[in-house]
Amino acid sequence: LLGALSLRDIGTYFPNNKINLNRKSLDFLQYAINKMIKKNYKIENIDIMIVSEEPKINPYYDKIVKSLRKLLSLNKDQITVKATTNENSGLIGEGKLIACWSNVSLSEY
């Protein structure tokens, strides 16, 4: 959301320090939503790509979409979640990391 608003990354607003250690990700999301609302924007759609060997994402697909719908007040057709593996390559392929990319389309209201 911050990138779609042409704002800096989340670390600018929540530096890696003791105050933010173990902070809930919902705090970060709410911060970004508040910035979006103040700029008079709304989410049109979100496209998410998750790269993971384990866990497999498909069993969690409905739960992920439901959670995002609730958190962001979106319809199911505004959220796309896709998943792939890294074909056993690198740290992701070894199951040590999970990567995620997202694109957010906003419109003014």
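See the structure printed just above.
Structural notes, computed from the coordinates.

Cut-offs and rules
Residues numbered from 1 in each chain as written. Predicted model: local features only at pLDDT ≥ 70, side-chain atom pairs only at ≥ 80, totals over all residues. Heavy atoms only, no water. Phe/Tyr/Trp six-rings, centres within 6.5 Å; stacked < 30°, edge-to-face > 60°. Helix = DSSP H or I, 4+ residues; strand = E, 2+ residues; numbered from the N terminus. Buried < 20%, exposed > 50% of the residue type's maximum accessible area, 1.4 Å probe, protein only. Salt bridge = Lys/Arg side-chain N within 4 Å of Asp/Glu carboxyl O. Pairing = 2+ DSSP bridges. Right-handed = clockwise from strand over helix to strand, strands pointing away. Axes fitted to C-alpha atoms, helices over the stretch in contact; angles between N-to-C directions. Contact = heavy atoms within 4.5 Å. Core = buried A, V, L, I, M, F, W, Y, C linked by side-chain atoms within 4.5 Å.

The next subject is the packing of aromatic side chains. By the definition in use, this model includes 3 aromatic pairs. Judged by centre distance (4.8 Å) and plane angle (70°), the ring pair of Phe14 and Phe28 falls under edge-to-face. Here Phe14 is found in the loop between helix H1 (10–13) and helix H2 (25–38), whereas its partner Phe28 is found in helix H2, with 14 residues between them in sequence. Overall, Phe28 belongs to the partly exposed group, its relative accessible area being 24%. Ring centres 5.1 Å apart and planes at 85° place the aromatic pair Phe14 and Tyr31 in the edge-to-face group. Here Tyr31 lies in helix H2 and Phe14 lies in the loop between H1 and H2, a separation of 17 residues in the sequence.

Summed over the entire model, instances satisfying the criterion amount to 4 salt bridges. One salt bridge connects Asp47 with Lys82, and the closest N-O pair in it is separated by 2.7 Å. With Asp47 in strand E1 (residues 41–51) and Lys82 in strand E2 (residues 79–84), this pair connects stretches of sequence that are 35 residues apart. Here Lys82 falls in the partly exposed class, since its relative accessible area comes to 33%.

A few words on the pairing of E2. Across 6 bridges, E1 lies against E2 in parallel orientation. Directly across from Met49, in E2, lies its bridge partner Lys82. Remark: the E1/helix H3 (residues 61–72)/E2 crossover connection has right-handed handedness.

On to the sheet that holds E1. With mixed pairing, the 3 strands of this open sheet are ordered in space as E2-E1-E3. Each of the sheet's edge strands pairs with one partner strand only, and the pair in question is E2 and strand E3 (99–108). On average, each strand axis in the sheet is tilted by 15° relative to the strand beside it, whichever way the strands run. The sheet contacts of H3 involve E1 and E2, and relative to E2 the element is tilted by about 145°.

Geometrically, the link from Glu54 to Pro55 is a cis peptide bond, its omega value of 0° lying close to zero. As for its position among the elements, Pro55 is in the loop between E1 and H3. Backbone geometry places Glu87, a non-glycine residue, at a positive phi of 55°. Mapped onto the elements of the fold, Glu87 is located in the loop between E2 and helix H4 (90–93). Under the relative-accessibility criterion, Glu87 is labelled exposed at 64%.

What follows covers the nonpolar core. One finds Ile43 and Leu72 to be the most contacted residues of the largest nonpolar core, which totals 15 residues. Secondary structure elements with two or more residues in this core: H2, E1, H3 and E2. Tallying contributions element by element places E1 first for this core, with 4 residues. In this structure, Leu72 is in contact with Leu29, Ile33, Ile43 and Ile46, ignoring residues within four places of it in sequence.

By themselves these figures say nothing about function.
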